[in-house]
Amino acid sequence: MGQPNADFELSVPNLEAWSPSNPKLYDLEIQLLRKGKVIDQAKSYFAMRKISMEKDEKGIQRMLLNNKFTFQYGPLDQGWWPDGLHTAPTDEALKFDVIKTKEMGFNMIRKHIKVEPARWYRYCDSIGMLVWQDMPSGDLGGNHWDMQPGKISGGNRDKARSQESEGYYRKEWKTIMDVLHNYPSIVIWVPFNEAWGQFKTKEITEWTMANDPSRLVNSASGGNFMETGHILDIHNYPDAAMPDPKIFGANQVLALGEFGGLGLPIDGHSWQQKDNWGYQSFKNKTELLERYKQLIRDLTRLIPMGLSAAVYTQTTDVEVETNGLMTYDRKVVKMPEAELNTAHQALYQPPTK
């Protein structure tokens, strides 16, 4: 029992922490009483989970879920559809991508340069998928993209945006964080990607961290890199790679924010028949699967060195990009879900010393 406009505490006996392997949600019903009579009520849910960082025995920052190291691995998910672009055709279709990602053995999704309807995050909560949420990019151009951490750029890495442009960014990013705040699946905020519209990086990153101290902030996925935020996230195609832990591991979690991008166009399921592309293209599913398994073996060797997360490009084909795990129409899964799931289990084992 609580009073209007006042905080109150709930007791949760035998607490179960939320995780991809145990997506425990607690149902919540709130009633407004007047003289003992219910005059309004609302139903919702909540979960208990913690995302944090801490140095391991080698002095390298690790990303922890519920105080335990959990390697986070998932696809870059742009959420595009051939018949609706950013709009899924049905609610079942919206849920389908999350279910397939889970069946393939991923435990995370990077929602790339898009915000989904509330139902998508609800499905991630209930199915058990960690989410990295990007800020959609805008106001591109006018600054240099330096994708190598530690490299001194000859160009301007922070864009000079107009007062109006900055204002819209701050308003929209604050709104995204506030609206999505209560979804436990979201563990990482990503303000910038590959220097697209990147400005006042340190200020924006620290503002994001202050706005939501319950999550980690990946300030600049793929660069431009500056000494701010919780995560240092490089992009490297197609092979698995990581920042040098001896140089960067003491202060930031090390992540591979994009890699892979292995391409396979499928006849009858491509947006266009010619001029499709992947970062490395293949002629058949067998060749694709063998190359993908090699990427996973290479990735596995990086985890004991200090890598905490990786993002494979990508969930589905998107127009001319044929580097999806599924075709654009979701009719063909290019590699068997069971084989992917089996291969991915090696990523979640405790890192060997």
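How each quantity is defined
Residues numbered from 1 in each chain as written. Predicted model: local features only at pLDDT ≥ 70, side-chain atom pairs only at ≥ 80, totals over all residues. Heavy atoms only, no water. 1 Å grid on protein atoms, 1.4 Å probe; cavity = no way out; pocket = protein on both sides within 12 Å on 5 of 7 lines; lining within 4 Å. Points joined across faces, edges and corners; volume = space filled by probe spheres on them. Nonpolar A, V, L, I, M, F, W, Y, C, P; charged D, E, K, R; others polar. Buried < 20%, exposed > 50% of the residue type's maximum accessible area, 1.4 Å probe, protein only. Helix = DSSP H or I, 4+ residues; strand = E, 2+ residues; numbered from the N terminus. Arc of directions from axis to C-beta. Contact = heavy atoms within 4.5 Å. Expected span 1.5 Å × (residues − 1). Axes fitted to C-alpha atoms, helices over the stretch in contact; angles between N-to-C directions. Parallel < 35°, antiparallel > 145°, perpendicular 65-115°, else oblique. Left-handed = near helix turned anticlockwise from the far one by under 90°. Salt bridge = Lys/Arg side-chain N within 4 Å of Asp/Glu carboxyl O.

### Things to note about empty space enclosed by the protein
Piece 1. Going through the model one piece at a time under the given rule, you end up with three cavities of 30 Å³ or more.
Piece 2. A volume near 40 Å³ is recorded for the largest cavity.
Piece 3. Lining of the largest cavity is provided by L76, D77, Q78, G79, W80, D97, Q314, T315, T316, V318 and R330.
Piece 4. When its residues are assigned to classes, the lining of the largest cavity shows three nonpolar, five polar and three charged.

### Looking at helix 7 (residues 337–344)
Piece 1. Here helix 7 has its buried residues at L340, A343 and H344. Looking straight down helix 7, one finds its buried side chains confined to an arc of 95°; they lie on one side. Exposed and facing more than 90 degrees away from the buried side of helix 7 are A338 and T342.
Piece 2. For helix 7, the secondary structure elements touched by its buried residues are strand 6 (72–77) and helix 6 (285–302).

### Some points on helix 3 (residues 163–179)
Piece 1. Given a rise of 1.5 Å per residue, 17 residues ought to cover 24 Å, and the 24 Å separating the end C-alpha atoms of helix 3 matches this to within 8%.
Piece 2. For helix 3, the set of buried residues is S165, E166, Y169, W173, I176 and M177. One side of helix 3 holds all its buried residues, which, seen down the axis, span an arc of 105°. Structural note: helix 3 exposes Q163, E164, Y168, K171 and V179 on the side pointing more than 90 degrees away from its buried face.
Piece 3. Along its buried surface, helix 3 packs onto strand 8 (130–134), strand 9 (186–190), strand 10 (192–193) and helix 4 (201–211).

### With respect to unusual backbone geometry
Piece 1. Geometrically, the link from G223 to N224 is a cis peptide bond, its omega value of 5° lying close to zero.
Piece 2. Position of N224 relative to the elements: it lies in the loop between strand 12 (220–221) and strand 13 (231–235).
Piece 3. For the bond running from T313 to Q314, omega is 5°, close enough to zero to count as cis.
Piece 4. Structurally, Q314 can be placed in the loop between strand 17 (307–313) and helix 7.
Piece 5. Phi at K200 takes a positive value of approximately 40°, unusual for a residue other than glycine.
Piece 6. Mapped onto the secondary structure, K200 falls in the loop between strand 10 and helix 4.
Piece 7. Located in the positive-phi region is E319, a residue other than glycine, with phi close to 50°.
Piece 8. Position of E319 relative to the elements: it lies in the loop between strand 17 and helix 7.

### Considerations on the packing of helix 6 against helix 7
Piece 1. Helix 7 packs onto helix 6 with a crossing angle of 20° between their chain directions and a minimal axis gap of 10 Å. Taken together, the axis directions place helix 6 and helix 7 in an arrangement best described as roughly parallel. In this structure, the crossing between helix 6 and helix 7 has a hand that is right-handed. Together, L289, Y292, K293 and I296 of helix 6 and E339, L340, A343 and H344 of helix 7 make up the contact between the two elements.

### Some words on the pattern of salt bridges
Piece 1. Within this structure, the stated rule accounts for 22 salt bridges.
Piece 2. The closest approach of N and O atoms between R170 and E203, which form a salt bridge, is 2.7 Å. Taken as a pair, R170 in helix 3 and E203 in helix 4 lie far apart in primary sequence, 33 residues in all.
Piece 3. Judged by relative accessible area, which is 40%, E203 ranks as partly exposed.
Piece 4. A salt bridge links R301 to D298; the shortest N-O distance between them is 2.3 Å. Linking R301 with D298, this pair stays in helix 6, spanning three residues, or about one helical turn.
Piece 5. On the accessibility criterion, D298 (18% relative accessible area) is buried.
Piece 6. When salt bridges with common partners are traced through the structure, they connect D77, K111, K114 and E116 into a single cluster.

Such coordinate-based values are descriptive only and should not be taken to indicate function.
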